[in-house]
Amino acid sequence: MNRKLIYIFITSFFISLNIQAQENDTLKVKEKYGLRLGIDLSKPINALLDKNISGFEIQGDFRVYKNYYIAAELGYDDKTTDEDYLNFTTQGSYIKVGVNYNAYKNWKGMNNEVFVGVRYGLGFFSQTLNSYTPNVSGTYFIPATTEPNTKFENLTAQWAEFIFGIKVETLKNFYLGASVSLKSIINTKEPENFKNLYIPGFNRVYLNNTGVGFNYTLSYLIPLFKK
Amino acid sequence: MKKYVIALIVLLAIFGCEKDDICIEANTPNLIIRFYDAANPTQLKQVTNMYVWALNKDSIYQNVALDSIVIPLDINANTTTYFISSDLGEDEIELNYTKKDIFVSRSCGYKTIFENLQVANNTVNWINSISINNSTIEDESKAHLHIYH
């Protein structure tokens, strides 16, 4: 009995050594590093579905170290928002810069990502108050809709974003991605007697100055080097 | 992977609620009138068998006995003419004011407040006198107009 156990112990020891030797043997696959450029697919799709929306966004990221990427987005939004008592148009551009961290452990040779990221966003825009109807309860005197067409220019906003998303290499060097971002305004220059209810790049401003974004991206990796 | 999906659903649930979709703030304020005893000006006095209506409009109050009324001002003009009748007759009050639209919120939009409230003209059949208590109508917390009768 004892002899049998010792025998098993010794053989298993050799087997495990053997496995370790194999692991050491596998060749190191070099991973691609490079500049990845892309566009946000949701913007042109939204523009087709809703005539009150137009805009574009280009994106870029660059792998700087292992699973870390520096990333930036640059875009333009033109959106007319219709609320119960008012209608306004927001026009302007924005830039976001930050870092992504790829938390996904790829099999050798694969280049997919499940990433988290942070961004600093900066928007320059104008708001045009197209029309509004004063809010009156009751129907004794029915208010007329006024069309002031007041344009508030040189407005700005700064915000922080937390991003969660995936990127999948579907064809060689082509990536399809989807992400969700949660945003919070750091500061904003508000129009007089109005409010920034929509900010380019930030989207709808919710209560407590928070926002949310959904992106669908198509991007292409320009491989620069491997290591 | 599973935990990422759960985290995503939780975050969407939190941000999915649109609290600012329902207007809960105060909108355009109404004019508040209180009726006082002309003989004893600090004492409220009811108007009996009262009817209240604006020029060319239906009655807001019909055959009521009250010591205060809440009535809207015409938001499309700078003047509103009201008629108040009691047992003792009918009086006409013409009110002038300026308007100012103030942004409230996404769901409420703008409200109108009224400034420089003045009694431009009034008849004195059952009314003794009218005084302006508050010439700016920006809320409904207190009376704007006192009528003595």
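Here the structure is shown first, and the text comes after it.
Model, not experiment: these values are computed from the prediction. (Residues numbered from 1 in each chain as written. Chains lettered and ligands numbered in written order. Predicted model: local features only at pLDDT ≥ 70, side-chain atom pairs only at ≥ 80, totals over all residues.)

Colleague: Residues and numbers for the overall build of chain B, please.
Modeller: Along its length, chain B carries one helix and nine strands. In sequence order, chain B lays out its α and β elements as α-β-β-β-β-β-β-β-β-β. Each of the 149 residues in chain B was classed as buried or not, and the buried ones make up 22%. Partitioning the intrachain contacts of chain B with sequence separation of at least 6 by distance along the chain shows that 51% fall at a separation of at least 24. (Helix = DSSP H or I, 4+ residues; strand = E, 2+ residues; numbered from the N terminus. Buried ≥ 20, exposed ≤ 12 C-beta atoms within 10 Å, placed from the backbone. Contact = placed C-beta atoms within 7 Å.)

Colleague: An account of the nonpolar core is requested, with residue identities and associated values reported.
Modeller: Residue and element names in this part refer to chain B. Within the largest apolar cluster, 21 residues are counted, with the highest numbers of intra-cluster contacts made by Leu31, Ile33, Val52, Ile71, Leu73 and Ile147. At the level of elements, strand 1 (31-36), strand 2 (47-54), strand 4 (68-71), strand 5 (79-86), strand 6 (89-105) and strand 9 (145-148) are the ones that each hand at least two residues to this core. Considering every element that reaches this core, the biggest residue donor is strand 1, with four residues. Discounting residues that sit within four places of it in the chain, Ile71 has contacts with Asn30, Leu31, Val52, Ile60 and Tyr82. (Core = buried A, V, L, I, M, F, W, Y, C linked by C-beta atoms within 7 Å.)

Colleague: Give me the lowdown on unusual backbone geometry, citing residues and values where you can.
Modeller: Residues and elements named next belong to chain A. You will see that Lys66, though not glycine, has its phi angle at about 40°, which is positive. Note on Lys66: 10 C-beta atoms within 10 Å, which makes it exposed. The phi torsion at Asn209 lies on the positive side, around 55°, for a residue other than glycine. Structurally, Asn209 can be placed in the loop between strand 9 (203-204) and strand 10 (210-226).

Colleague: Talk me through the interface of chain B and chain A; I want residue IDs and the actual numbers.
Modeller: Listed per partner, the contact involves 27 residues of chain B and 26 residues of chain A. Looking at the side of chain B that touches chain A, the elements with two or more residues in it are helix 1 (2-16), strand 6 and strand 7 (109-122) of chain B. Partitioning the side of chain B that touches chain A into residue classes produces 13 nonpolar, six polar and eight charged. (Nonpolar A, V, L, I, M, F, W, Y, C, P; charged D, E, K, R; others polar.)

Colleague: Give me the lowdown on the environment of Tyr206 of chain A, citing residues and values where you can.
Modeller: Residue and element names in this part refer to chain A. Looking at where Tyr206 falls in the secondary structure, it is placed in the loop between strand 9 and strand 10. On the neighbour-count criterion, Tyr206 (19 C-beta atoms within 10 Å) is partly exposed. As a C-alpha pair, Tyr206 and Ser184 span 22 residues in sequence and 9.5 Å in three-dimensional space.

Colleague: Residues and numbers for the sheet that holds strand 10 of chain A, please.
Modeller: Residue and element names in this part refer to chain A. The eight strands lie next to each other as 1-2-3-4-5-6-7-10, forming a closed barrel whose pairing is antiparallel. Direction aside, the axes of adjacent strands within the sheet are offset by 25° on average. Note: strand 2 (residues 53-65) against strand 3 (residues 68-82), 12 bridges, orientation antiparallel. Residue pairing across strands places Gly60 opposite Ala72, the latter belonging to strand 3. In this fold helix 2 (residues 42-49) packs onto strand 1 (32-40), strand 2 and strand 10, with an angle of close to 170° to the strand it touches most, strand 2. (Pairing = 2+ DSSP bridges. Axes fitted to C-alpha atoms, helices over the stretch in contact; angles between N-to-C directions.)

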